Amino acid sequence: MNFLSEFLFPKKCVICGRSGKMICDQCFSDLRIVEGKCPMCSGRSLQGWTHNRCRKKQGLEGLSAMWSYRDPRVKKIIKGIKYRRYKDLIKEIMERVDGNIEADFIVPIPLYWQRLNDRGFNQAEEIARYLDKQKLVDILVRKKKTKPLAEMRTKEERSEEIKGVFELKKEAKRIVGKKILLVDDVYTSGATMREAAKVLKRNGAREVWGWVLAS
């Protein structure tokens, strides 16, 4: 953003409205790190590792999240990114995150092409790029449009809606035997990330871990 744009459209914190940044230092520091939870059953878990009893051959090994999505302030951040297209907000957040990622590849959850055209960017891909763009691989494809999962009442409905929605590009052989970090902005029911992990595991990924801003 150039000087004229900054002058005409000054940045304001999406939480408190203070001028200067899209998320001010005070609001960022006030957000509490969420407790780890198992990505399969959502129960408490040390560092977000999947419980032994919840492990599945094609499931996630664990989930890392920064904040709780139940926090109204966090919901403002996610809505700002998704619906107001605040791409700079992602940059401000991720510049404050430790980018030391222990994975062979980072794979973002893809958007359906129509939604990508409408929004102009994939928030998961932007997050992944800031984590480590050298490890970023664009190998997942969302092959059909789905209804908003947040509008569905049960886990069964969400799982059925997202079933079979992902496929891999031809060059996906590179993930065989590798540790994958699957990235998205938010993890609620987990149906989307679990379905993506299943596709990666079926195609040879050794481990699949999740990383999100909020859960």
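Residues numbered from 1 in each chain as written. Predicted model: local features only at pLDDT ≥ 70, side-chain atom pairs only at ≥ 80, totals over all residues. Heavy atoms only, no water.

## Details of the environment of Gly59
So, point 1. As for its position among the elements, Gly59 is in the loop between helix 2 (25–30) and strand 1 (62–67).
So, point 2. Counting along the chain gives 140 residues from Gly59 to Val199, while the straight-line C-alpha distance between them is 9.7 Å.
So, point 3. Not counting the four nearest positions on each side in its chain, Gly59 is found in contact with Met40, Lys201 and Val208. (Helix = DSSP H or I, 4+ residues; strand = E, 2+ residues; numbered from the N terminus. Contact = heavy atoms within 4.5 Å.)

## Considering the nonpolar core
So, point 1. If you look at the biggest cluster of nonpolar residues, it comprises 34 residues, and the most contacted ones within it are Ile23, Ile77, Ile93, Met94, Leu131, Trp211 and Leu213.
So, point 2. Listing elements by their share of this core, those giving two or more residues are helix 2, strand 1, helix 3 (72–82), helix 4 (87–94), helix 6 (123–132), strand 5 (179–186) and strand 6 (207–214).
So, point 3. Filtering out sequence-adjacent residues up to four positions away, Ile23 remains in contact with Cys13, Ile15, Phe28, Leu31, Ile77, Leu89, Glu92, Ile93 and Arg96.
So, point 4. Judged by nonpolar contacts, the second largest core, of 28 residues, contains Phe105, Val107, Met193 and Ala197. (Core = buried A, V, L, I, M, F, W, Y, C linked by side-chain atoms within 4.5 Å. Buried < 20%, exposed > 50% of the residue type's maximum accessible area, 1.4 Å probe, protein only.)

## Brief notes about unusual backbone geometry
So, point 1. One non-glycine residue, Gln47, lies in the positive phi region at around 55°.
So, point 2. Residue class for Gln47 comes out exposed when judged on its relative accessible area of 55%.
So, point 3. In this structure, Arg85 is a non-glycine residue whose phi angle is positive, near 60°.
So, point 4. Note on placement: Arg85 falls in the loop between helix 3 and helix 4.

## Focus on the sheet that holds strand 5
So, point 1. Across the sheet, four strands lie side by side as 1-6-5-2; this open sheet has parallel pairing. The open sheet is flanked by strand 1 and strand 2 (105–108), the only strands paired with a single partner. When strand polarity is set aside, the average angle formed by the axes of neighbouring strands in this sheet is 25°.
So, point 2. In terms of strand pairing, strand 1 meets strand 6 through five bridges, oriented parallel. If you follow Ala65 over to strand 6, its bridge partner there is Val212.
So, point 3. Sheet strands in contact with helix 3 are strand 1, strand 5 and strand 6, and its direction is about 100° off that of strand 6. (Pairing = 2+ DSSP bridges. Axes fitted to C-alpha atoms, helices over the stretch in contact; angles between N-to-C directions.)

## Focus: the side chain of Ser189
So, point 1. Within the secondary structure layout, Ser189 lies in the loop between strand 5 and helix 8 (191–202).
So, point 2. Apart from the residues within four sequence positions on either side, Ser189 is in contact with Arg158 and Arg194.

## Re the packing of aromatic side chains
Aromatic ring pairs are reported here in terms of the distance separating the ring centres and the angle at which the planes meet.
So, point 1. Taken as a whole, this structure holds two aromatic pairs when the rule is applied.
So, point 2. Ring centres of Phe28 and Trp67 lie 5.8 Å apart, and the angle between their planes is 80°; on these two criteria the pair is classed as edge-to-face. Here Phe28 is found in helix 2, whereas its partner Trp67 is found in strand 1, with 39 residues between them in sequence. Each member of the pair, Phe28 as well as Trp67, carries the same accessibility label: buried.
So, point 3. Measuring from centroid to centroid gives 5.9 Å for Tyr112 and Trp113, while their planes differ by 50°, and the two rings are tilted.
So, point 4. The ring of Tyr69 has Lys75 lying over it, and the distance from NZ or CZ to the ring centre is 5.5 Å.
So, point 5. Just above the ring of Phe28 sits the side chain of Arg96; from NZ or CZ to the centre is 4.6 Å. (Phe/Tyr/Trp six-rings, centres within 6.5 Å; stacked < 30°, edge-to-face > 60°. Lys NZ or Arg CZ within 6 Å of the ring centre and 35° of its normal.)

## Describing the environment of Gln123
So, point 1. Relative to the assigned elements, Gln123 resides in helix 6.
So, point 2. According to the relative accessible area criterion, Gln123 is buried, its value standing at 3%.
So, point 3. Sequence spacing of Gln123 and Ile78 is 45 residues, and the spatial spacing of their C-alpha atoms is 9.7 Å.
So, point 4. When neighbours within four sequence positions are excluded, Gln123 is seen to be in contact with Ile81, Lys82, Ile90, Leu111 and Asp185.
So, point 5. A polar contact of 3.4 Å, which involves the side chain of Gln123, links it to the side chain of Asp185. (Polar contact = N/O pair within 3.5 Å; in protein donor to acceptor, adjacent residues only side chain to side chain.)

## As for the pattern of salt bridges
So, point 1. The full count for this structure, using the stated rule, is 15 salt bridges.
So, point 2. Here Asp88 and Lys11 are joined by a salt bridge, their closest N and O atoms 4.0 Å apart. One end of the pair, Asp88, is in helix 4; the other, Lys11, is in the loop between helix 1 (3–8) and helix 2, and 77 residues separate them in sequence.
So, point 3. Taking relative accessible area as the criterion, Lys11 reaches 18% and is therefore assigned buried.
So, point 4. Two residues, Lys11 and Glu92, come together in a salt bridge whose shortest N-O distance is 3.5 Å. Of this pair, Lys11 sits in the loop between helix 1 and helix 2 while Glu92 sits in helix 4, and the two are 81 residues apart along the sequence.
So, point 5. Residues participating in the shared-partner salt-bridge network are Lys11, Asp88 and Glu92. (Salt bridge = Lys/Arg side-chain N within 4 Å of Asp/Glu carboxyl O.)

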